[in-house]
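Coordinate analysis (summary)
Residue strings, one per chain:
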There are 2 protein chains.
Amino acid sequence: MSESENATTENTLASNITRTLRDAIVCGDLAPGSKLSEPKLSKEYNISRGPLREAMRRLESMKLVKYVPHGGARVITLDLPQVIEIYHIREALEGKAAALAAKNITDEGIENLKRLLKIAEEHMAATGGAYIQADADIDFHYRVIQASNNQMLIHTLCEELYYLVRMYRYKSSLQPSRSLQAFKEHQHLVLALEQRDEQLAELIMRKHIVRARENIEQQLLNS
Amino acid sequence: MSESENATTENTLASNITRTLRDAIVCGDLAPGSKLSEPKLSKEYNISRGPLREAMRRLESMKLVKYVPHGGARVITLDLPQVIEIYHIREALEGKAAALAAKNITDEGIENLKRLLKIAEEHMAATGGAYIQADADIDFHYRVIQASNNQMLIHTLCEELYYLVRMYRYKSSLQPSRSLQAFKEHQHLVLALEQRDEQLAELIMRKHIVRARENIEQQLLNS
DNA sequence: CACATAAAAATTGTCAACAATTTTTGCGAA
DNA sequence: TTCGCAAAAATTGTTGACAATTTTTATGTG
């Protein structure tokens, strides 16, 4: 994970178990739809049910688990319509993030993005065409979002929506064919950021995400 | 409040106290920045600290309260930069909601919006110019968002962001001068929805929110 | 054998007490 | 008086037990 935890990272049982469960859900160790039994989990992680329940409430508002009153909690199951919904939200939010990034990104920030692209390019040349898996794509998006300088937007995308995105990507990462195109779209975006062109940056990012969505729709309809 | 609670409304102490505290924060009974002491609150509402803490965690992820590890929770204080951040997010999200609404709204939905505008217009004629306070504006936005048919978007806006918006609006509602213009913008949007013009609907909604933001910026800089 | 019903087991919801940490208070010395 | 430090009070973090509800299981009847 290229992400750095917040500076004021809590160190309570509730916080720790939240992160642990979050990651277990995202990477699939806790399968979608599986029941999250409080006695079982508290025994497994050697904590009492109090902090565990607090953690579950937080995961609930991250939309990673779904609660049924008196029926317990289950890991969310993302079906195609829901994934599409998420991509519509990403389109709007990350488009805006790109626009704000064009306004606020530093020269150093742009250099970092360029460096990221260069590494990816070299990797593609070496391995013969495959843009470094989903992780590289996510890393790139993370940095653009960070450059927006809008704390609430950063939180909404990186601390809430992106766990859902990654949860989905774990089972269906980028197709090789889409990979190269995505890389070019990233290059295009960096150009727009460098020119500080807010509208263009927003447009490019939105198109980028629309194409990703269309790719997923097609990919899943053919299976 | 014109909002209807979810069909599967939980009826646990934790859920009830969440709603109670949420509303108390939104309407200002619990002032921004004030400390939320667990012993005090649990005594005041006659519940134990367990459910209360679960509620606090949920309010935390709704961004209505801020936690400091071992230091307790305080009601969030919205300063101008944060409000501006929220309006940028609203611009992106509600713009998208308007676009989706243009695609998905029913004829009946459009009729309902028209009726809403008509009532507002009559009220303006009667009282001499003032668009029915912030509530009417929020009600209109609510309905457009609902018409988007994107459940996750609806939840993000109506169950998360809008409590923050309302919390702010309670102390600084619409200026009379802005009121009439806002009404016209609403009319304009309904026209676009009626034509099922997604791009235009998005554009109008975004401009509407940009103007609201600019109005707030000006209003607060002059005080 | 199928089905309904009731008892039993398991799980969620809630509580009150204990531990750990932070803040406040009070005292003494420079 | 003011500053620093230690004791005390208050608050948050955590736990295990109890109550309420749901699910499972067993049993008896048609």
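Scroll up for the structure.
Presented here is an overview of the structure given in this document. Because the structure is predicted, anything quoted here is derived from the model rather than measured. Residue positions are given per chain, counted from 1 along the sequence in the order it is written. Ligands are numbered from 1 and chains lettered from A, in the order in which they are written. Only residues with pLDDT of at least 70 get local features here, since the model is predicted, and only at 80 or more are side-chain atom pairs given and counted; chain-wide, interface and lining totals rely on the full set of residues. Working from all heavy atoms in the structure, the side-chain values ignore hydrogens and water.

**Brief notes about the packing of aromatic side chains**
Residues and elements named next belong to chain A. Cut-off, in case you're wondering: Classification of ring pairs rests on two measures: the distance between centres of Phe, Tyr or Trp rings, Trp counted by its six-membered ring, which must be within 6.5 Å, and the angle between planes, read as stacked under 30 degrees, edge-to-face over 60 and tilted in between. In this text, helices come from DSSP runs of H or I with a minimum length of four residues, and strands from runs of E with a minimum of two, each type numbered from the N-terminal end. Remark: exposure states derive from per-residue accessible area (1.4 Å probe, protein chains only) relative to the maximum for the residue type, with buried under 20%, exposed over 50%, and partly exposed in between. Charge over a ring is defined by NZ of Lys or CZ of Arg lying within 6 Å of the ring centre and within 35 degrees of the ring normal.
Applying the stated criterion to the full structure yields two aromatic pairs over all chains. Each ring, one from Y142 and one from Y162, has its centre 5.3 Å from the other, and the planes form 85°; the classification is edge-to-face. Placement of Y142 in helix α6 (residues 134-147) and of Y162 in helix α7 (residues 151-169) is noted, with a sequence separation of 20 residues between them. On the basis of relative accessible area, Y162 is assigned to the buried category, the value being 1%. In this structure, R90 packs its charged tip against the face of Y87, placed 5.1 Å from the ring centre.

**Things to note about the state of the cysteines**
What counts, and what does not: Counting rule for disulfides: a pair of cysteine sulfur atoms within 2.5 Å.
Within this structure, the stated rule accounts for zero disulfides over all chains. No disulfide involves B:C27; its sulfur sits 19 Å from that of B:C158, the nearest cysteine.

**Quick look at the pattern of salt bridges**
Residue and element names in this part refer to chain A. Note the following rule: Here, a salt bridge means any Lys or Arg side-chain nitrogen found within 4 Å of an Asp or Glu carboxyl oxygen.
Under the definition given, this model contains 38 salt bridges over all chains. The residue R196 makes a salt bridge to D107 at a minimum N-O spacing of 3.1 Å. Of this pair, R196 sits in the loop between α8 (176-194) and α9 (198-221) while D107 sits in helix α5 (residues 107-127), and the two are 89 residues apart along the sequence. Overall, the relative accessible area of 33% leaves R196 in the partly exposed class. Accessibility expressed as a relative area gives 56% for D107, which makes it exposed.

**Some thoughts on the protein's contact with DNA strand C**
Which entries qualify depends on this criterion: Definition of nearness: a residue and a molecule or strand are near each other if at least one heavy atom of the residue lies within 4 Å of the molecule or strand. The definition of a polar contact used here is a pair of N or O atoms within 3.5 Å, where within protein one atom must be able to donate a hydrogen and the other to accept one, and adjacent residues in sequence count solely through side-chain atom pairs. Under the convention adopted here, Pro, Cys and the residues Ala, Val, Leu, Ile, Met, Phe, Trp and Tyr are nonpolar, Asp, Glu, Lys and Arg are charged, and Gly plus all remaining residues are polar.
Around DNA strand C, a shell composed of 16 residues is seen, among which A:P39, A:R49, A:R53, B:L13 and B:S48 lie nearest. Of all DNA strand C atoms lying within 4 Å of any protein atom, the proportion belonging to sugar or phosphate reaches 71%. For DNA strand C, a phosphate oxygen lies 3.2 Å from a polar atom in the backbone of A:E38. At 2.9 Å, a side-chain N or O of A:R53 approaches a phosphate oxygen of DNA strand C. Elements that contribute at least two residues to the surface near DNA strand C include exactly β1 (35-36), α2 (38-44) and α3 (49-61) of chain A together with α1 (13-27) and α3 (49-61) of chain B. Considering only residue class, the surface near DNA strand C consists of five nonpolar, six polar and five charged.

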